[in-house]
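Remarks on the overall topology
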Amino acid sequence: MSDPIRNLLICGTRALAEEVADLAAEVPGFRVVGFVENMDRERCASQLRGLPVIWYEELPRYAADHCAVLALASTQRNHFTEQVAAARVPFATIIHPTAQISPSTTLGEGCIVSAGAIIAAHSQLGCHVFVHRGALIGHHTIIEHHVSIMPGANIAGMVHIGEHAHIGMGAIVLDHVSIGDHCLIAAGALVNKNAPPRSQLVGLPANIVKQNIDGK
């Protein structure tokens, strides 16, 4: 007997939410049934892509038979996850059929692994990590909660990435490098040394251009 189809709510109403809805529609076992907004209640007055937009305070009535995933680029999306968790709506983990994930790797709740992404052996992803299209993650790498890994990024083995970090499109992180919490790695950057928390790195090789930042 096949597993039941789960009703999925996409948290977010901007362009990325539409992309995640399209992605989730290709994942067996899920049916996208609506979007969730937590900032502008007027957006709930109209549909998005033919589906209802739900105000976050209404989420408790969906908790029994719906699940949710966050579709936000901000590394500060933990505020939204806290609101969803408070409503007792369970989080889904969305893995596109074309993604490849080693059986020895673990993913926390609420992760999204997009089309063409590859995650190698013995790695650990925390909760609500967003691995975008074609990103590569090497073996024995640890990625903490609410990290965003943008399209085409290449993270080597034995890397540690702290919470709320943002790895830009096409960035390269070499092996054994540690990236601190709330770091921003620019698109195309080459990170070959440890990055302290709350720093922004740009260039080839990457250098610190800002400090004491608060994510993206």
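Please refer to the structure higher up on the page.
How each quantity is defined
- Residues numbered from 1 in each chain as written.
- Predicted model: local features only at pLDDT ≥ 70, side-chain atom pairs only at ≥ 80, totals over all residues.
- Heavy atoms only, no water.
- Pairing = 2+ DSSP bridges.
- Helix = DSSP H or I, 4+ residues; strand = E, 2+ residues; numbered from the N terminus.
- Contact = heavy atoms within 4.5 Å.
- Salt bridge = Lys/Arg side-chain N within 4 Å of Asp/Glu carboxyl O.
- Buried < 20%, exposed > 50% of the residue type's maximum accessible area, 1.4 Å probe, protein only.
- Arc of directions from axis to C-beta.
- Polar contact = N/O pair within 3.5 Å; in protein donor to acceptor, adjacent residues only side chain to side chain.

**Thoughts on the sheet that holds strand β15 (residues 154–155)**
Read across the sheet, six strands follow the order β6-β9-β12-β15-β18-β21 without closing on themselves; strand pairing throughout is parallel. With partners counted over all chains shown, the strands left at the sheet margins are β6 (100–101) and β21 (190–191), one partner each. With two bridges connecting them, β6 and strand β9 (residues 118–119) associate as parallel partners. Directly across from Gln100, in β9, lies its bridge partner Ile118.

**Structural notes on unusual backbone geometry**
Here Leu204 and Pro205 are connected by a cis peptide whose omega angle stands at -5°. For Pro205, the position within the fold is in the loop between β22 (199–202) and β23 (207–211). At His182, a residue that is not glycine, the phi angle is positive and equals roughly 65°. Following the sequence through the fold, His182 ends up in the loop between β19 (178–179) and β20 (184–185).

**Things to note about the environment of Ala63**
In this fold, Ala63 is placed in the loop between β3 (53–55) and β4 (66–70). Between the C-alpha atoms of Ala63 and Gly180, which are 117 residues apart in sequence, the distance is 34 Å. In contact with Ala63, other than residues within four places in its own chain, are Ala87, Arg88, Val89 and Pro90.

**A word on the sheet that holds strand β5 (residues 94–95)**
Taken in spatial order, the eight strands of this open sheet run β5-β8-β11-β14-β17-β20-β22-β23, and their pairing is mixed. Each end of this open sheet is capped by a strand with a single partner; those strands are β5 and β23. Here two bridges tie β20 to β22, and the two strands are oriented parallel to one another. Within β22, the position partnered with Ile185 by the bridge is Leu201.

**A short note on the pattern of salt bridges**
In this structure the tally under the stated criterion is seven salt bridges. Between Glu18 and Arg49 there is a salt bridge whose closest N-O contact spans 2.4 Å. With a gap of 31 residues between them, Glu18 in helix α1 (residues 15–24) and Arg49 in the loop between β2 (30–37) and β3 connect regions that are remote in the sequence. With relative accessibility at 68%, the residue Arg49 sits in the exposed group. For Glu57, the salt bridge identified is with Arg41, shortest N-O distance 3.9 Å. In this pair, Glu57 is assigned in the loop between β3 and β4 and Arg41 in the loop between β2 and β3, connecting sequence segments 16 residues apart. A relative accessible area of 51% means that Glu57 is categorised as exposed. What emerges from the salt-bridge pattern is a single network uniting Arg41, Glu57, Glu58 and Arg61.

**Let's talk about helix α2 (residues 78–86)**
Note that an α-helix has 3.6 residues per turn; residues three or four places apart therefore point the same way. Taken together, the buried positions of α2 are occupied by Asn78, Phe80, Thr81 and Val84. Here the buried residues of α2 occupy an arc of 155° about the axis, which is enough to place them on one side. Close packing links the buried residues of α2 with β1 (6–11), β2 and β4. In the segment just after α2, Arg88 is the residue with positive phi, at about 65°.

**A word on the side chain of Glu37**
Within the secondary structure, Glu37 is located in strand β2. In this structure the side chain of Glu37 is engaged in a polar contact, spanning 3.0 Å, whose partner is the backbone nitrogen of Met39. With residues near it in sequence (within four places) discarded, Glu37 still touches Thr13, Arg14, Arg43, Cys44, Val53, Ile54, Trp55, Tyr56 and Phe80.

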